[in-house]
Amino acid sequence: GADASPQGRCMMSELQQTLLLALYREAKPVSLPKLGKQLGLSGSVVMRALASLGDAVIAGQPGPGWVRLDMADARWTASLTEAGRIQCAEHDHAA
C-alpha cells in the first residue's frame with residue numbers, strides 16, 4: 001500500500017547527528033571506545049548507531065554510506081566517507 005512512508009535520509013537520531021559531527025571534526029579515524037568516552041556512551045551503542053550510517057543493508061534498506069567502520073589491531077575505528085563529509089558540510093552551513 002501507499003501508507004508505507006519512505007525512510008528519508010534526513011531521519012537521523014540526535015545521537016547519529018552527534019556522532020557524524022564528532023567524526024567530521026576529526027581529521028583521522030577515531031576508535032569507537034574513544035568516541036564513546038567523548039560522548040559518555042558505551043561502545044555497543046556507538047557501534048549500533050554508526051552501523052546504520054554506513055552502507056550495511058538493515059531491514060532491507062541500504063544505509064546512506066556516510067560512515068566507514070574498520071577493524072585494525074583488534075580495534076574498531078570509524079571515519080566519515082566522502083559522502084559523509086559532504087552531508088556534514090551541508091548540515092554545518094544550514095545550522
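Residues numbered from 1 in each chain as written. Predicted model: local features only at pLDDT ≥ 70, side-chain atom pairs only at ≥ 80, totals over all residues. Heavy atoms only, no water.

(A) Spotlight on the overall build of the chain. Helix and strand counts for the chain stand at 4 helices and 5 strands. Walking the chain from its N terminus toward its C terminus, one meets helices and strands in the order α-β-α-α-β-β-β-β-α. Taking all 95 residues of the chain together, the buried fraction comes to 29%. Considering only contacts within the chain whose residues lie at least 6 apart along the sequence, 47% involve residues at least 24 apart. In the structure as shown, the chain presents an accessible area of about 6,300 Å², 55% of it carried by carbon and sulfur atoms. (Helix = DSSP H or I, 4+ residues; strand = E, 2+ residues; numbered from the N terminus. Buried < 20%, exposed > 50% of the residue type's maximum accessible area, 1.4 Å probe, protein only. Contact = heavy atoms within 4.5 Å. Areas by Shrake-Rupley, 256 points an atom, 1.4 Å probe, with all protein chains shown as cover.)

(B) Region of interest: helix α3 (residues 43-51). If you check which residues of α3 are buried, you get Val-46, Ala-49 and Leu-50. One side of α3 carries all its buried residues, which in axial view fall inside an arc of 95°. (Arc of directions from axis to C-beta.)

(C) Here's a closer look at the side chain of Ser-31. Relative to the assigned elements, Ser-31 resides in strand β1 (residues 30-31). For Ser-31, a relative accessible area of 10% corresponds to the buried category.

(D) Inspection of the environment of Val-30 at higher detail. Structurally, the position occupied by Val-30 is in strand β1. Separated by 49 residues in the primary sequence, Val-30 and Ser-79 have C-alpha atoms spaced 6.5 Å apart. Ignoring anything within four residues of it in the chain, the contact list for Val-30 reads Leu-23, Leu-35, Trp-76, Thr-77 and Ala-78.

(E) Representation of the sheet that holds β1. The strand order across the open sheet formed by 3 strands is β1-β5-β4, and the pairing between neighbours is antiparallel. Strands with a single pairing partner mark the edges of an open sheet, and in this sheet they are β1 and β4 (67-72). Here β1 runs beside strand β5 (residues 75-80); their pairing, made up of 2 bridges, is antiparallel. When the bridges of β5 are listed, Val-30 appears paired with Ala-78. (Pairing = 2+ DSSP bridges.)

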